[in-house]
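Each chain is listed here by its residues.
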Amino acid sequence: MGRLLCALILMSSSAWAVIETYEFSSPDLASRYHLLSQELRCPKCQNQNIADSNAPIARDLRVVLYEQLEAGQSDAQILDFMVARYGQFVRYRPEVDRQTALLWWSPVLLLVLGGFGLAGHFRKKSYHPEPELTAAEREHVNRLLEDRLP
Amino acid sequence: MRVKRFIPLAAFALLALLLFKGLSIDPTALPAARLGQPFPDFSQPELMTEEIIGASALRPRPALVNVWATWCYSCRVEHPYLLTLAEQGVPIYGLNYKDDSEKARQWLAELGDPYRLNIADGDGTVGLDLGVYGAPETYVLGPDGVILHRHVGVLDEAVFERDISQWFTTSARVAQAGSVEGGE
């Protein structure tokens, strides 16, 4: 159990986060730094954010992020700066544009398609109702049930 | 009713097509954000002369801008081909990316210098403005200074002929290439 726990802790991404110290002039900047460094994706090691990655380019981007935060840039300005250089790819939540529209809307599309499928399925059932029993058949059923029940 | 029977088959075919297409997509390929934009301006020393230069120094064009460093093994692999291209008259500018200038000068002295000039980008700011995420990378600079193409990884003859040569089919290159072949 303890071994499993250790393995799980090691596998969690925060345990792999890079250890660096930045002195922020305010705690607000530090929390924005943490949010943005997890939102920004490392261009080199593609399934890591820049907070987790050890790649040199991720370190460079963390330095830029720190400097721009300290220089008083807004979140939007910093994201624009990154996107201008590395494309929408660099964000884990890219803006909706022609290229990312499918990415954003396909869940809704699939939900709607599934809804239609489900509706069609149930409507088909109601078109073919169970045939009514005749009086003789009903009596037969009742007799069978009575035999079974004590 | 007949048509409905083929819905699973159609769905399967569609999915198979999608997945098959997925096989040929390179997941590490990144679209270059700077395509169609002018080369970002900079103010950095030239590697040899240590004179401060900007984007206007990258003339004549069209030209290649090659991102390299002495710590980059693949750069050593592509270096001989860069020398060949330079011999054929293709202007190549170097972006010496996050490197030690002394080591870089030594490397060029040893292996030959295919570059018309080199931007010494020790801290990688020009690289960052360009959207570089590793070395080697090679950019095609159009006649008007606009970035037309980016190649990530080793540049060799196959890549050059397939993706890049279209911008360099000047008579000068052909004539020079002919004389190089004739000389050998």
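All values reported here derive from a predicted model rather than from experimental measurement.

J.: I'm lost on the pattern of salt bridges in this one. Help?
T.: A pair can form between side chains of opposite charge whenever their charged atoms are brought close. Throughout the structure, instances matching the rule amount to 10 salt bridges over all chains. Measuring nitrogen to oxygen at the nearest pair gives 2.9 Å for the salt bridge that ties Asp129 of chain B to Arg85 of chain A. Of the two residues, Asp129 of chain B is situated in helix α5 (residues 125–130) and Arg85 of chain A in helix α5 (residues 75–86); the pairing between them involves two chains. For Asp129 of chain B, a relative accessible area of 22% corresponds to the partly exposed category. Across the pair Glu50 of chain B and Arg105 of chain B runs a salt bridge, and its minimum N-O distance is 3.6 Å. Of this pair, Glu50 of chain B sits in the loop between β1 (44–45) and β2 (52–53) while Arg105 of chain B sits in helix α4 (residues 101–111), and the two are 55 residues apart along the sequence. The class of Glu50 of chain B is exposed, set by a relative accessible area of 52%. On the basis of relative accessibility, which here comes to 21%, the residue Arg105 of chain B falls in the partly exposed class. Each member of the salt-bridge network shares a partner with another, and the members are Glu39, Arg91, Arg93 and Glu95 of chain A.

J.: Sorry if this is basic, but what is going on with a nonpolar patch on the surface here?
T.: Residues and elements named next belong to chain A. Together, Val96, Leu103, Trp104, Trp105, Val108, Val112 and Phe116 line one region of the surface with nonpolar side chains, adding up to about 750 Å² of accessible area. Structurally, the position occupied by Phe116 is in helix α6 (residues 101–127). Accessibility expressed as a relative area gives 62% for Phe116, which makes it exposed.

J.: Just checking my understanding: could you explain the side chain of Ser165 of chain B for this structure?
T.: In this structure, Ser165 of chain B sits in the loop between α6 (157–164) and α7 (171–183). Here the side chain of Ser165 of chain B touches Glu161 of chain B through a polar contact of 2.9 Å, landing on its backbone oxygen.

Reading guide: rules and limits
- Residues numbered from 1 in each chain as written.
- Chains lettered and ligands numbered in written order.
- Predicted model: local features only at pLDDT ≥ 70, side-chain atom pairs only at ≥ 80, totals over all residues.
- Heavy atoms only, no water.
- Salt bridge = Lys/Arg side-chain N within 4 Å of Asp/Glu carboxyl O.
- Helix = DSSP H or I, 4+ residues; strand = E, 2+ residues; numbered from the N terminus.
- Buried < 20%, exposed > 50% of the residue type's maximum accessible area, 1.4 Å probe, protein only.
- Patch = residues over 30% accessible without salt bridge, like charges linked within 9 Å, V, L, I, M, F, W, Y side chains within 5 Å.
- Areas by Shrake-Rupley, 256 points an atom, 1.4 Å probe, with all protein chains shown as cover.
- Polar contact = N/O pair within 3.5 Å; in protein donor to acceptor, adjacent residues only side chain to side chain.

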